[in-house]
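Listed here are the chains, written in short residue letters.
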Amino acid sequence: MSNSVYKINKGINQSIEFKGLKAQYIWYLGGGVVGLLILYSIMYIVGLPTVVCLTLIGGCGTLLVIKIYKMSHTYGEHGLMKALARKQVPKVVKCNSRNVFQAFGKERKK
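Every chain is numbered independently, its residues counted from 1 as its sequence is written. The model is predicted, so local features are restricted to residues of pLDDT at least 70 and side-chain atom pairs to those at 80 or more, both for listing and for counting; the totals for chains, interfaces and linings are taken over all residues. Note that water and hydrogens are dropped before the side-chain values are worked out from all heavy atoms of the structure.

A. Molecular detail of the packing of aromatic side chains. When the centres of two rings from Phe, Tyr and Trp lie within 6.5 Å, Trp using its six-membered ring, the rings pair. Their planes under 30 degrees apart give stacked, over 60 give edge-to-face, and anything left gives tilted. The tally for this structure, following the rule as stated, stands at two aromatic pairs. Seen from their ring centres, Tyr25 and Tyr28 are 5.8 Å apart, and the 85° between their planes marks the pair as edge-to-face. Of the two residues, Tyr25 and Tyr28 are both situated in helix α1 (residues 24-46); the distance of three residues between them amounts to about one turn of the helix. The classification of residues rests on relative accessible area computed with a 1.4 Å probe and restricted to protein chains. Under 20% of the type maximum is buried, over 50% is exposed, and intermediate values are partly exposed. On the accessibility criterion, Tyr25 (0% relative accessible area) is buried. With 6.1 Å between their ring centres and 20° between their planes, Tyr40 and Tyr44 make a pair best called stacked. Placement of both Tyr40 and Tyr44 in helix α1 is noted, with a separation of four residues, approximately one turn of the helix. With relative accessibility at 23%, the residue Tyr40 sits in the partly exposed group. The helix count covers DSSP runs of H or I at least four residues long, the strand count covers runs of E at least two residues long, and both are numbered beginning at the N terminus.

This is the structure in structure tokens:
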């Protein structure tokens, strides 16, 4: 009886990574490239010279790639979502009136 040899997949439960981009940043870069393609086509149809269109799209594309890679390196896989959620949490909860607590007390006495 021969023994079977199985290849072990050591990448189980790890996020997708493509050339240094992690998880959702791949989709952000793809969406940005599609947006730049649409912007280029609009500028070309309007009648701007091709050199101007390519220069502007090339500059915007370079900035897009730099920004996306920087965010991927800074925040990692889930860090951007955590940072956005942290901004939505209020720093202080103020209550200038005691009516909120008094109304609650009246309901309990019933």
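B. Seen up close, the packing of α1 against helix α2 (residues 50-75). Simply put, an axis is a line fit to the C-alpha atoms, just over the touching stretch for a helix, and the angle between two N-to-C directions goes from 0 to 180 degrees. Their axes nearest at 10 Å, the elements α1 and α2 cross at an angle of 165°. One way to sum up the angle between α1 and α2 is to call them roughly antiparallel. You can see that α1 and α2 cross each other, and the crossing is right-handed. The cut-offs work like this: below 35 degrees is roughly parallel, past 145 is roughly antiparallel, 65 to 115 is roughly perpendicular, and the gaps in between are oblique. Each crossing gets its hand from how the near helix is turned against the far one by less than a right angle, where anticlockwise is left-handed and clockwise is right-handed.

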